[in-house]
Amino acid sequence: MIQFPFPVYTLKLLFIFVYFTTNPAFAELLQNWNFKYTGTDSSFSVTGEFLKNRNWQIVQIPHTYNNFVSHTDQWAGYGWYVHEIEDLKYDKICSYNLLFEGVCLRASVFVNGNYVGKSNQPYLPFKFKINSFLRKGKNIIAVRIDNTIKENDIPDVNCNGWWLYGGIARNVSLEIDSGSTIENVLTRTIFVESGTFDFAADLITVNGFDSILFLVNDLNENRVITTYVARGEQFSCRVNAQEWSPENPVLYRLDFIPIKNNKRGKVFSIKRGFAQFRCENGLLYLNNECIYLKGIGRHDVATHNKPFLSDSACLWDLVQIKKMGFNFLRIAHFPQRKKIYEFCDSLGLLVMDEIPAWKTDADFLCSKTGIKAASDYVENLISDHGNYVSIALWSIGNEFKSYKKSIGEYVKEVTGKIKKIDSSRLVTYCSYFYQFDKAYTFVDVISVNEYFGWFIGSIELIGPMLKGIHEQWPEKPIIISEFGAAANYGYYNKKAQLGGSLQCIFKKDFSEDHQALYLTSHVDEILKYQNICRGFTIWCFNDFMESRIREKTQTVLPGLNTMGIFSEDRNRKLAFAEVQKILKKIAGQEKCE
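Residues numbered from 1 in each chain as written. Predicted model: local features only at pLDDT ≥ 70, side-chain atom pairs only at ≥ 80, totals over all residues. Heavy atoms only, no water.

S.K.: Please clarify how the side chain of Asn97 should be interpreted in this entry.
M.R.: Looking at where Asn97 falls in the secondary structure, it is placed in strand 5 (residues 95-100). Asn97 gets classed as buried once you look at its relative accessible area, which sits at 10%. At 2.7 Å, the side chain of Asn97 and the side chain of Glu175 are in polar contact. With residues near it in sequence (within four places) discarded, Asn97 still touches Lys127, Phe128, Lys129, Ser173, Leu174 and Glu175. (Helix = DSSP H or I, 4+ residues; strand = E, 2+ residues; numbered from the N terminus. Buried < 20%, exposed > 50% of the residue type's maximum accessible area, 1.4 Å probe, protein only. Polar contact = N/O pair within 3.5 Å; in protein donor to acceptor, adjacent residues only side chain to side chain. Contact = heavy atoms within 4.5 Å.)

If you want it as structure tokens, here you go:
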């Protein structure tokens, strides 16, 4: 018998708990995984000598094998993770699902030496039913991760804007269920009038039922405010409820109860608010109120060698964002863990959720393979995140070559796919081709990345650029989805000035003083054009690692993108206070015309 050098008492206690619970339960599998980096070699068996003779490292999940080789290199290749479940009290009545909340980039999963399945969608959750592979007593789970960047994939070889931290990037758990009827629900809320919404739900069920009892529960007053009986897997009804907003992020508990032979089955519950983010005549609305987006982008990483944040650390980040006065978070540039969205729901932060099509090759995106890959990705993204009221915009990519006319086919098809699944929300992508973009026609909101005064030109170009876009698409809301300037934490220059067209290219100022001046001046310039620009997103909240080699003058640590208002250690830069001041100054003064 293969011996594994780790204790199993914690897991035994978890199984005692989940075995006797009546609702679906989860045993977290986070501690004491055996890990081995094998580079380009993926040919090992997952049983026998492979398990017995490797020099295993004991790790905890989440885990990455992208620790530094040098400051600008990443480990790319295969990493093996092996975990033993001891003394499983296997019950044939139960359904056992192995649940992964996200890996980077691809995973192949084995149970007791048998191939179970794979995931090719980085950062998204996936699960496998493993009943047929389990046995009583000891069970071995093996996961092969591959983080090599490939052509004709999402992301592809052009993706060098952040480190691809190869590994099991998020939690793993064993879900044990003794007979639920409802597996998942996708909900939509459509604004009708103040305090009234049309509610729609699509249910994924695994067992038969006669009807579904739907309840909306007011959590503050501990009472049911809506009761509805549905006969099929799709239904809609009208609900009177408080409107969710950044100022009043009220949430309700929605219960879906299957009924068969006059008996109630297991309750499927979610927390959700009632709101709809929509556009009309070039303006953005949250429910019936015109809204101006004041946003910031955020990478869900911590320090370069310890990238994974705890839930409490994530919450701290989002509280700082609210404290500065933002009402909008751009998820960059890939889906993040579920806790982020739950926190945004509770705090009142609208969200742009984005697939990792970062500068992905345009020819691939326009191909049948590329369109299918993106369509499948957004379908699973919506299935996983569609119940979060904070989601305002689905983004189908960032900075791909949308000056090409052919890219319109990709944008049209993937936008259409989203609209079929979730017509209650808006679709966008983030472009850096200004008024020369060829695919704005097919999205609801035009999102523009510009770094005038940092990478190119000066901030005086903002106005002409916005006017040029508005003249061609006057009915579409425009937001500036990225702008920013780098600043080395702790480096100051009291004489900092805004750079002109040449200075921003050849003589950058990496001081905290310049960053603060640049961001506040930029916001002032954008606000001059509120009649055609309905929001902005600063890049970005925290410093993070990217695989492009940065200028040596920028930072002591090559590879660190220092455009954050916070350092990677979460120390405030001067920009924090200055941005907070200007957001407080303009609060309530945004125009709707």
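Still to come is the rest of the account.
S.K.: Is there a simple way to think about empty space enclosed by the protein in this case?
M.R.: Picture a little ball the size of a water molecule; that probe, rolled over the atoms, points out where space is still empty. One pass over the structure, following the stated rule, counts four cavities of 30 Å³ or more. Of the voids in this model, the largest cavity is the one considered here, and its volume is about 80 Å³. Lining the largest cavity are Thr189, Arg272, Ala275, Gln276, Phe277, Leu286, Leu350, Val389, Ile391, Ser424 and Arg425. Residue classes in the lining of the largest cavity are distributed as six nonpolar, three polar and two charged. Counted as a void, the second largest cavity has a volume near 50 Å³. Around the second largest cavity sit Gly453, Trp454, Gln497, Gly499, Gln503, Cys504, Lys507, Lys508, Asp509 and His514, which together line it. When grouped by side-chain class, the residues that make up the lining of the second largest cavity number two nonpolar, five polar and three charged. (1 Å grid on protein atoms, 1.4 Å probe; cavity = no way out; pocket = protein on both sides within 12 Å on 5 of 7 lines; lining within 4 Å. Points joined across faces, edges and corners; volume = space filled by probe spheres on them. Nonpolar A, V, L, I, M, F, W, Y, C, P; charged D, E, K, R; others polar.)

S.K.: Explain the pairing of strand 22 (residues 293-299) here, please?
M.R.: On a regular strand, one side chain projects to one face of the sheet and the next to the other, so that they alternate. The element strand 22 is largely enclosed, with a buried count of seven among its seven residues. Going residue by residue along strand 22, you find Leu293, Gly295, Gly297 and His299 tucked away on one face and Lys294, Ile296 and Arg298 tucked away on the opposite face as well. Direction of pairing for strand 22 relative to strand 29 (residues 535-538): parallel, over a ladder of four bridges. Note that in strand 29 the partner of Lys294 across the bridge is Phe536. Across five bridges, strand 22 lies against strand 23 (residues 328-332) in parallel orientation. Within strand 23, the position partnered with Gly295 by the bridge is Phe328. Handedness of the crossover is the feature at issue here: the chain leaves strand 22, passes through helix 3 (residues 311-324), returns alongside strand 23, and the resulting connection is right-handed. (Pairing = 2+ DSSP bridges. Right-handed = clockwise from strand over helix to strand, strands pointing away.)

S.K.: Looking at this model, I keep getting lost on the packing of helix 6 (residues 368-385) against helix 7 (residues 407-421). Mind explaining?
M.R.: The geometry of a pair of packed helices is captured by two quantities: the angle between their axes and the separation between those axes. At a minimum axis distance of 10 Å, the contact between helix 6 and helix 7 shows a crossing angle of 30 degrees. By the angle class used here, helix 6 and helix 7 are roughly parallel. By crossing handedness, the relation of helix 6 to helix 7 is classed as right-handed. Residues Gly370, Ile371, Ala374, Ser375, Val378, Glu379 and Ile382 of helix 6 lie in contact with helix 7, whose contacting residues are Glu409, Tyr410, Glu413, Val414, Lys417, Ile418 and Ile421. Residue classes in the contact of helix 6 with helix 7 are distributed as eight nonpolar, two polar and four charged. (Axes fitted to C-alpha atoms, helices over the stretch in contact; angles between N-to-C directions. Parallel < 35°, antiparallel > 145°, perpendicular 65-115°, else oblique. Left-handed = near helix turned anticlockwise from the far one by under 90°.)

S.K.: Honestly, the nonpolar core in this entry has me stumped. Any pointers?
M.R.: One broad rule of soluble globular proteins: the nonpolar side chains tend to lie buried together. Counting residues in hydrophobic clusters, the biggest one holds 105 residues, and the most contacted among them are Ile296, Ile396, Tyr410, Leu466, Phe483, Ile538 and Ile565. If near-sequence neighbours (up to four positions away) are discounted, Ile296 is found in contact with Ile321, Met324, Phe326, Phe328, Leu329, Arg330, Thr537, Ile538, Cys540, Phe541 and Ile565. Trp33, Ile61, Tyr65 and Leu88 belong to the second-largest nonpolar core, a separate cluster that totals 31 residues. (Core = buried A, V, L, I, M, F, W, Y, C linked by side-chain atoms within 4.5 Å.)

S.K.: Can you help me understand helix 3 in this one?
M.R.: For the α-helix, the turn length of 3.6 residues means that residues three or four positions removed from each other point alike. Taking 1.5 Å per residue as the helical rise, helix 3 with its 14 residues ought to reach 20 Å, and the 20 Å between its terminal C-alpha atoms agrees with that figure. Every buried residue of helix 3 is accounted for by Cys314, Asp317, Leu318, Gln320, Ile321 and Met324. One face of helix 3 carries all of its buried residues, which in axial projection span an arc of 150 degrees. Its buried side turned inward, helix 3 meets strand 22, strand 23, helix 4 (338-347) and helix 11 (574-586). Remark: Gly325 follows helix 3 within two positions and exhibits a positive phi of approximately 110 degrees. (Expected span 1.5 Å × (residues − 1). Arc of directions from axis to C-beta.)

S.K.: Sorry if this is basic, but what is going on with unusual backbone geometry here?
M.R.: For residues that are not glycine, phi is negative in most cases, and the peptide bond is trans in most cases. Cis peptide bonds are those with omega within 30 degrees of zero, and the linkage from Ile61 to Pro62 qualifies with 5 degrees. As for its placement among the helices and strands, Pro62 is situated in the loop between strand 3 (57-59) and strand 4 (78-88). Note that the residue after Ile154, namely Pro155, is joined by a cis bond; omega there is -5 degrees. The phi torsion at Asn112 lies on the positive side, around 55 degrees, for a residue other than glycine. We classify Asn112 as buried; its relative accessible area is 14%.

S.K.: What should I look at first to understand the layout of surface pockets in this one?
M.R.: Roughly 420 Å³ of internal volume is contained in the second largest pocket. Every residue lining the second largest pocket is counted, 22 residues in all, and those nearest its centre are Pro246, Glu247, Cys290, Ile291 and Asn327. For the lining of the second largest pocket, the secondary-structure elements that each account for two or more residues are strand 21 (289-290) and helix 11. Within the lining of the second largest pocket, the residues separate by chemical class into ten nonpolar, five polar and seven charged.

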